[in-house]
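Chain residues, written in single-letter form:
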Amino acid sequence: MGGCFGTEDLKPECGKENLNPETSRLEKSRPEVNRAETEKNSIGKYKVLRLLGEGGEGSVYLARDEDLQRMAAVKHLGKSRREAEWLQKLEHPMLPVIYELLWDESWYLVMEYIRGITLRRYIDENGYACEEQVCTWIEQLLDVTEYLHTMKPPVIYRDFKPDNIIVCPDGHIRLVDFGAAVLRNYGSQDHIVMAVTQGYAAPEQLGLTGIGAYADERSDIYALGKVLYYMMTGADPAKPPYASLPVQDYQPFVSKKLERVIRKCMEEDPAQRYRSAEEVRTHLRKCKKRKHGLQRRHFIRGVEKKVWLTEMQEEICYYPYRRDYLNRNNE
């Protein structure tokens with residue numbers, strides 16, 4: 001796990017801009033320094049306060065800039081500056097701001113401390129996100145994906161998952177952890193160590209397409225589809241039944257168009273998926289044009305019809321003369 005974020009106790013609600021104005025109450029209640037969780041007391045001019053997260057891509061610490069008196073997230077990169085090279089070139093509202101790259105016995109990337117909770121924790125606490133909220137968030141994810149994919153050369157994120165998406169107090173989301181990102185390589189990718197997150201990585205990243213492991217723009221589309229499925233259903237694609245059930249099995253009122261968009265994103269064959277983030281966005285906008293409540297009304301009327309037919313059948317069984325009466329009326 002990586003990322004420059006806080007884990008305040010936020011419980012966002014659909015349709016609200018400010019999800020929790022008291023974003024720092026847990027921050028104030030924590031001890032200033034937890035030495036058991038940190039490798040160092042300070043990194044350059046930054047005083048290490050606590051560990052935010054760690055994983056294969058490196059540990060991330062919450063630290064305070066002693067000169068500017070501001071909070072920052074400091075990520076340990078080791079001997080490689082690769083992730084810093086990606087991020088220094090990127091400028092997008094959904095990405096963390098890079099403050100500096102510094103050397104203190106090894107490389108550290110200092111960046112904006114993003115307050116909020118991971119999308120995984122949001123779903124764990126709320127069960128799922130409503131369709132309106134999901135459409136808003138996926139639009140934001142598609143916007144940053146399109147930005148990355150249209151760079152020269154394109155940047156393939158390769159690791160869209162709930163743990164790398166932060167839900168902020170204002171209701172927006174941010175994308176963190178570029179440790180797996182790679183420039184689009186139009187030749188062989190045999191020399192690249194492929195990032196894989198079970199349940200979200202595309203089949204081609206696992207080398208299941210018969211031509212070796214690789215990742216392109218469609219691989220990110222696949223992972224976004226899995227994230228979209230997870231937001232709508234609360235069912236983790238990494239666990240049984242592995243996103244095999246229709247979204248409507250979890251959310252009966254979901255738009256059929258949205259269901260089709262999700263399924264097309266998650267096609268096993270890359271050739272059957274959307275080719276770009278813009279193409280996904282176009283189809284999602286069509287979903288929004290349906291009248292509010294129309295899907296719900298159709299569902300309720302369908303249920304009412306089934307109930308009525310069941311009651312009629314039972315009544316005819318108990319009162320056979322009604323069958324003759326109905327037959328005469330139909331002649």
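Relevant structure appears above.
Remember, predicted model here, so these are calculated numbers, not experimental data.

Asker: Kindly report on the sheet that holds strand S10 (residues 173–175), identifying the contributing residues and their values.
Answerer: The strand order S7-S9-S10 describes an open sheet built from three strands, whose pairing is antiparallel. Each edge of the open sheet carries a strand with a single partner, namely strand S7 (117–118) and S10. Two elements, S7 and strand S9 (residues 165–167), share two bridges in a ladder whose sense is antiparallel. Looking across to S9, one finds that Thr 118 is bridged to Ile 166. Packing of helix H4 (residues 131–149) onto the sheet brings it into contact with S9 and S10, and relative to S10 it is tilted by some 30°.

Asker: Now, about the nonpolar core: what can you tell me, with residues and values included?
Answerer: Formed by 63 residues in total, the largest nonpolar core has its most connected members in Leu 119, Leu 141 and Phe 178. Examining the composition of this core, we find that nine residues originate from one element, helix H5 (residues 217–233), more than from any other. The contact partners of Leu 141, leaving out residues within four places of it in the chain, are Met 94, Phe 160, Ile 165, Ile 173, Leu 224 and Val 227. Among the nonpolar cores identified, the runner-up in size contains 10 residues, and Tyr 46, Val 48, Ala 63 and Val 74 belong to it.

Asker: Tell me about the pairing of strand S3 (residues 60–65), and name the residues and values.
Answerer: Most of S3 sits inside the fold, with six of its six residues counted as buried. Because side chains alternate across S3, one face comprises the buried residues Val 60, Leu 62 and Arg 64, and the other comprises Tyr 61, Ala 63 and Asp 65, equally buried. As judged from the six bridges shared by strand S2 (residues 46–53) and S3, these two strands associate in the antiparallel manner. When the bridges of S3 are listed, Gly 53 appears paired with Val 60. Across six bridges, S3 lies against strand S4 (residues 70–78) in antiparallel orientation. Looking at the pairing, Leu 62 lines up with Ala 73 of S4. Count of turn residues in the S3/S4 antiparallel hairpin: four residues, of which Gln 69 carries a positive phi of about 55°.

How each quantity is defined
- Throughout this description, residue numbers start from 1 for each chain and increase along the sequence as written.
- Owing to the predicted nature of the model, reporting of local features is limited to residues with pLDDT of at least 70; listing and counting of side-chain atom pairs is limited to 80 or more, with chain, interface and lining totals taken over all residues.
- Hydrogen atoms and water are omitted, and side-chain values are computed over all heavy atoms in the structure.
- In this description, strands pair whenever DSSP reports at least two bridges between them.
- Runs of H or I in DSSP of at least four residues are treated as helices and runs of E of at least two as strands, each being numbered from the N terminus.
- Note on contacts: a residue pair qualifies if any of its non-hydrogen atoms lie within 4.5 Å across the two residues.
- Each axis is a line fitted through C-alpha atoms, taken for helices only over the stretch in contact, and angles between the N-to-C directions span 0 to 180 degrees.
- Put simply, a nonpolar core is a bunch of buried Ala, Val, Leu, Ile, Met, Phe, Trp, Tyr and Cys residues held in one set by side-chain atoms that sit within 4.5 Å of each other.
- A 1.4 Å probe rolled over the protein chains alone gives each residue an accessible area, and that area as a share of the maximum for its type sets the label: buried under 20%, exposed over 50%, partly exposed in between.

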